[in-house]
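Descriptive structure summary
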Amino acid sequence: MSDLQELYQSVILDHNRKPRNFGVLEGSNRAADGKNPLCGDEVHVALQVDGDVITDVKFTGHGCAISKASASLMTTAVKGKTREEAEALFARFHALVLGQDAGGGKDLGPLVVFSGVSRFPVRVKCASLAWHTLKAALEHGGLTVERLSVQEPGASGDGSETRDGTRGDRDA
Ligand code: ZN
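Below: a short report on this structure. Everything quoted here is computed from the prediction, not taken from an experiment.

So, about the coordination of the zinc ion. Tetrahedral metal sites with four donors have an ideal angle of 109.5 degrees; octahedral sites with six donors have ideal angles of 90 or 180 degrees. Of the protein atoms, only Cys39 (SG), Asp41 (OD), Asp41 (OD), Cys64 (SG) and Cys126 (SG) coordinate the zinc ion, at distances of 2.2 to 2.7 Å. In primary sequence terms, the donor set of the zinc ion follows C-x1-D-x22-C-x61-C. A residue pair is termed long-range when its members are at least 10 positions apart, and Asp41 in strand E2 (residues 41-50) and Cys64 in the loop between strand E3 (53-62) and helix H2 (65-78) qualify at 23 residues. Each member of the pair, Asp41 as well as Cys64, carries the same accessibility label: buried.

As structure tokens, this is what we get:
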């Protein structure tokens, strides 16, 4: 194993042991569940989306080291990004784990540690599970879509004009 591969391996093991952004996200407004039956990986991704920006993200779940480390690194990679940026990053990441990224992921930051996954096709699903789940949460919003409409501002604005009597059309 080369030095680089050893470095990549140690980053993955570190994120598996101490996953970042692991836990329940209070006040999330998008969420989705993902499963990879081939390996038994399960992940729940919760987001706080403000306008078009992912302001916070956390995950829970269990699975193999690759799936957990990938979920951990995914959360650190997309926090603060717009939906468009996050989906573009997923496209790059997906190409990387399929061995189809022209640059070998060199400009993908810490995500490059998953470049070796392309040599193990059965692991591609493990590595991309959290990202697919992120995408589902962004596209469909999961179970908490209702909460969004409840919080929508400006709903109490109608009807206030009639109070001061300036609209007396009915009397005319
Ligand atoms: Zn797995």
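Picking up where we left off.
Looking now at the sheet that holds E3. One open sheet holds the three strands; their spatial order is E1-E2-E3, and the pairing between them is antiparallel. The sheet terminates laterally at strand E1 (30-36) and E3, the two strands that pair on one side only. Along the sheet, successive strands turn relative to each other by an average axial angle of 20 degrees, direction set aside. Judged from the seven bridges that link them, E1 and E2 form a sheet pairing that is antiparallel.

With 14 residues, H2 extends 20 Å between its outermost C-alpha atoms, agreeing within 8% with the 20 Å of an ideal straight helix rising 1.5 Å per residue. Of all 14 residues in H2, eleven are buried, a share of seventy percent or more. Those residues of H2 that fall on the buried side of the exposure criterion are Ile66, Ser67, Ala69, Ser70, Ala71, Ser72, Leu73, Met74, Thr75, Ala77 and Val78. In this structure, the buried side of H2 is in contact with helix H1 (3-17), E2, E3, helix H3 (83-97) and helix H4 (121-140). At the C-terminal side of H2, Gly80 shows a positive phi close to 90 degrees.

The next thing to look at is the pairing of E1. Of all seven residues making up E1, five are buried, and the element is well covered by its neighbours. Here E1 hands over to E2 after four residues, with Gly40 in that stretch at a positive phi of 90 degrees.

On to the nonpolar core. Among the nonpolar cores identified, the biggest contains 39 residues, and Leu47, Phe114, Trp131 and Leu134 are the most heavily contacted of them. Counting only elements with at least two residues in this core, the list comes to H1, E2, E3, H2, H3 and H4. Apart from the residues within four sequence positions on either side, Trp131 is in contact with Ser70, Met74, Ala77, Val78, Ala86, Leu89, Phe90, Phe93 and Leu111.

The subject of this paragraph is the packing of aromatic side chains. As enumerated under the stated definition, the model contains four aromatic pairs in all. Arranged with centres 5.6 Å apart and planes meeting at 75 degrees, the rings of Phe93 and Phe114 form a pair that is edge-to-face. One end of the pair, Phe93, is in helix H3; the other, Phe114, is in the loop between H3 and H4, and 21 residues separate them in sequence. Pair check on accessibility: Phe93 and Phe114 agree, each one buried. Plain terms: the ring middles of Phe93 and Trp131 are 5.1 Å apart, the flat faces sit at 25 degrees to each other, and that makes the pair stacked. Of this pair, Phe93 sits in helix H3 while Trp131 sits in helix H4, and the two are 38 residues apart along the sequence. A relative accessible area of 0% places Trp131 in the buried class. Note that Lys68 overlies the ring of Phe22, its terminal NZ or CZ placed 5.6 Å from the centroid.

Its identity is not glycine, yet Asn21 carries a phi of approximately 55 degrees, on the positive side. If you trace the backbone, Asn21 turns up in the loop between H1 and E1.

Procedures and definitions
- Residues numbered from 1 in each chain as written.
- Predicted model: local features only at pLDDT ≥ 70, side-chain atom pairs only at ≥ 80, totals over all residues.
- Heavy atoms only, no water.
- Donors = N, O, S within 2.8 Å, 3.2 Å for Na, K, Ca; no water.
- Helix = DSSP H or I, 4+ residues; strand = E, 2+ residues; numbered from the N terminus.
- Buried < 20%, exposed > 50% of the residue type's maximum accessible area, 1.4 Å probe, protein only.
- Pairing = 2+ DSSP bridges.
- Axes fitted to C-alpha atoms, helices over the stretch in contact; angles between N-to-C directions.
- Expected span 1.5 Å × (residues − 1).
- Contact = heavy atoms within 4.5 Å.
- Core = buried A, V, L, I, M, F, W, Y, C linked by side-chain atoms within 4.5 Å.
- Phe/Tyr/Trp six-rings, centres within 6.5 Å; stacked < 30°, edge-to-face > 60°.
- Lys NZ or Arg CZ within 6 Å of the ring centre and 35° of its normal.

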